[in-house]
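Geometric and topological summary
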Amino acid sequence: MRGRMRRLAAMSMALVLSAGMTSNVNAVTIDDAEKKADQLEEEKKAAEEEKNELSEKLDEIIQEMEDTQKKLTEKEEEVVAVEDELIQARIDANDQYESMKIRIKFMYEGGNTQFMEMLFESESMGDFLNKAEYVSRISEYDRNELIRYQDTVKQVEDKEKQVQAEYEELNDLQGQLVAQQDEVESLIDSNEAKLADIQSQIKENEETLQTLKEEAEKAERIRQEQLQSQGSGSSFTTPNTGNVVSGNGYFTHPCPGYQYQSSYFGEIREFEVGGHKGHDYAAATGTPTYAAAAGYVVTAGYSPSAGNWVVIDHGNGLTTKYMHHSALCVTQGQTVEKGQQIGYVGSTGQSTGPHLHFQVEEYGVPVNPDKYL
């Protein structure tokens with residue numbers, strides 16, 4: 001009968017250890033998934049910032065295109081006006097030229113007869129000279145007017161070239177802006193595809209993380225059931241280390257072999273009210289834990305929420321709590337020394353992975369452990 005009970009106990013412990021190993025593996029995988037989630041969120045944030053920058057750039061290009069198009073329209077109207085001005089200048093110059101030819105022909109076709117008539121009609125020699133000067137001035141006026149009109153035509157032609165060149169520059173600029181718009185829109189399309197891929201990865205990772213957490217919770221329930229089926233809910237194991245004291249604080253570190261601190265005092269978490277009441281030290285299952293200071297073991301047993309835990313009274317209203325052990329090395333009513341091993345890290349109770357929850361209280365009120373470490 002005793003042999004059978006021993007075999008059953010051994011099988012139960014094997015199941016507990018197996019569940020603990022599974023939980024540990026899942027904890028590592030969960031940690032990786034959570035890190036990947038953080039990484040994907042960072043990538044998503046960067047992609048969204050890039051999208052906003054591209055959208056702003058596209059808006060700037062579109063606004064610049066609208067401004068350039070407005071200038072193009074104005075310049076086109078200016079080109080038409082200059083062309084009309086040039087045509088009129090050429091007409092005026094040609095009319096002046098034709099008028100001058102008619103007057104010259106009229107004046108010189110008569111030859112000396114016309115001058116003789118002017119002489120006979122003149123009342124005096126002074127009157128004749130005045131009339132001859134008048135004829136000369138008419139001829140000079142025609143030449144000057146023709147030169148002036150020709151100069152006007154040249155100026156308008158130069159003006160037309162300048163306006164036309166400005167119009168072509170604006171047209172080239174508009175073409176460049178269109179090319180930039182196409183490039184930015186292509187980048188936006190690529191960015192949206194990147195965002196969609198990141199979002200898909202986030203969703204897939206969330207599903208994986210949820211599955212891993214469910215498996216970890218299931219394994220933990222099995223382990224708790226196995227622990228509870230053994231009677232006390234906690235197991236006593238002989239310590240494998242002597243006293244370990246580290247640091248210069250009033251307390252020694254309760255888990256110097258931890259891998260990293262996974263939670264902090266006062267941290268706001270969804271499943272806790274009023275903030276986290278202690279520090280969490282993530283460590284491999286079986287890592288030794290130690291009494292932070294000398295004191296009296298008030299509790300050393302199993303709790304559905306704290307798992308295998310130890311509570312030590314240090315006097316003067318100062319109490320420390322150590323939760324989620326895989327096994328304990330002390331018993332209720334025992335007196336411990338500072339740095340004395342009290343258990344091994346585990347993931348019992350309400351825990352998603354192997355770690356030590358270390359809590360410090362002053363007259364029953366949780367305080368930041370860093371105050372004493």
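**Thoughts on the confidence of the model for the chain**
For the chain, mean pLDDT is 79; residues scoring 70 or higher make up 75% of the total. Here residues 1-28 is a poorly scored stretch, pLDDT under 50, and it has 21 contacts once near neighbours within four places are set aside; other chains count. Note on residues 229-233: pLDDT is under 50 here. Beyond four places in sequence and across chains, it has 8 contacts.

**Quick look at the pattern of salt bridges**
Going through the model one piece at a time under the given rule, you end up with 4 salt bridges. A salt bridge links Lys-321 to Glu-361, with the shortest nitrogen-to-oxygen separation between them at 3.0 Å. Within this pair, whereas Lys-321 is found in strand β6 (residues 318-328), its partner Glu-361 is found in strand β9 (residues 355-362), the two being separated by 40 residues in sequence. Glu-361 carries the same exposure label as Lys-321, and that label is buried. Of the charged contacts in the structure, one is a salt bridge between Lys-371 and Glu-362, with a shortest N-O distance of 2.8 Å.

**Re the environment of Gln-69**
One can find Gln-69 in helix α1 (residues 2-109). Between the C-alpha atoms of Gln-69 and Leu-173, which are 104 residues apart in sequence, the distance is 9.8 Å. There is a polar contact of 3.2 Å between the side chain of Gln-69 and the side chain of Gln-174.

**So, the nonpolar core**
If you look at the biggest cluster of nonpolar residues, it comprises 23 residues, and the most contacted ones within it are Phe-251, Val-310, Ile-312 and Tyr-322. For this core, the elements supplying multiple residues, two or more each, are β4 (295-303), β5 (307-315), β6, β8 (341-345) and β9. Leaving out residues up to four positions away in the same chain, Phe-251 has contacts with Ser-246, Ala-292, Ala-293, His-314, Leu-318, Thr-320, Lys-338, Phe-358, Val-360, Tyr-372 and Leu-373.

**Looking at the pairing of β8**
Judged by how many residues are buried, β8 sits mostly within the fold: 5 of 5 residues are covered. Taken together, the 3 bridges between strand β3 (residues 288-290) and β8 define a ladder with antiparallel strand orientation. Each bridged residue has a counterpart across the sheet, and for Thr-289 the counterpart in β8 is Gly-343. For β6 and β8, the ladder comprises 3 bridges, and the chain directions are antiparallel. Looking at β8, one finds that Leu-328 is bridged to Gly-343.

Cut-offs and rules
- Residues numbered from 1 in each chain as written.
- Predicted model: local features only at pLDDT ≥ 70, side-chain atom pairs only at ≥ 80, totals over all residues.
- Heavy atoms only, no water.
- pLDDT = per-residue confidence, 0-100.
- Contact = heavy atoms within 4.5 Å.
- Salt bridge = Lys/Arg side-chain N within 4 Å of Asp/Glu carboxyl O.
- Helix = DSSP H or I, 4+ residues; strand = E, 2+ residues; numbered from the N terminus.
- Buried < 20%, exposed > 50% of the residue type's maximum accessible area, 1.4 Å probe, protein only.
- Polar contact = N/O pair within 3.5 Å; in protein donor to acceptor, adjacent residues only side chain to side chain.
- Core = buried A, V, L, I, M, F, W, Y, C linked by side-chain atoms within 4.5 Å.
- Pairing = 2+ DSSP bridges.

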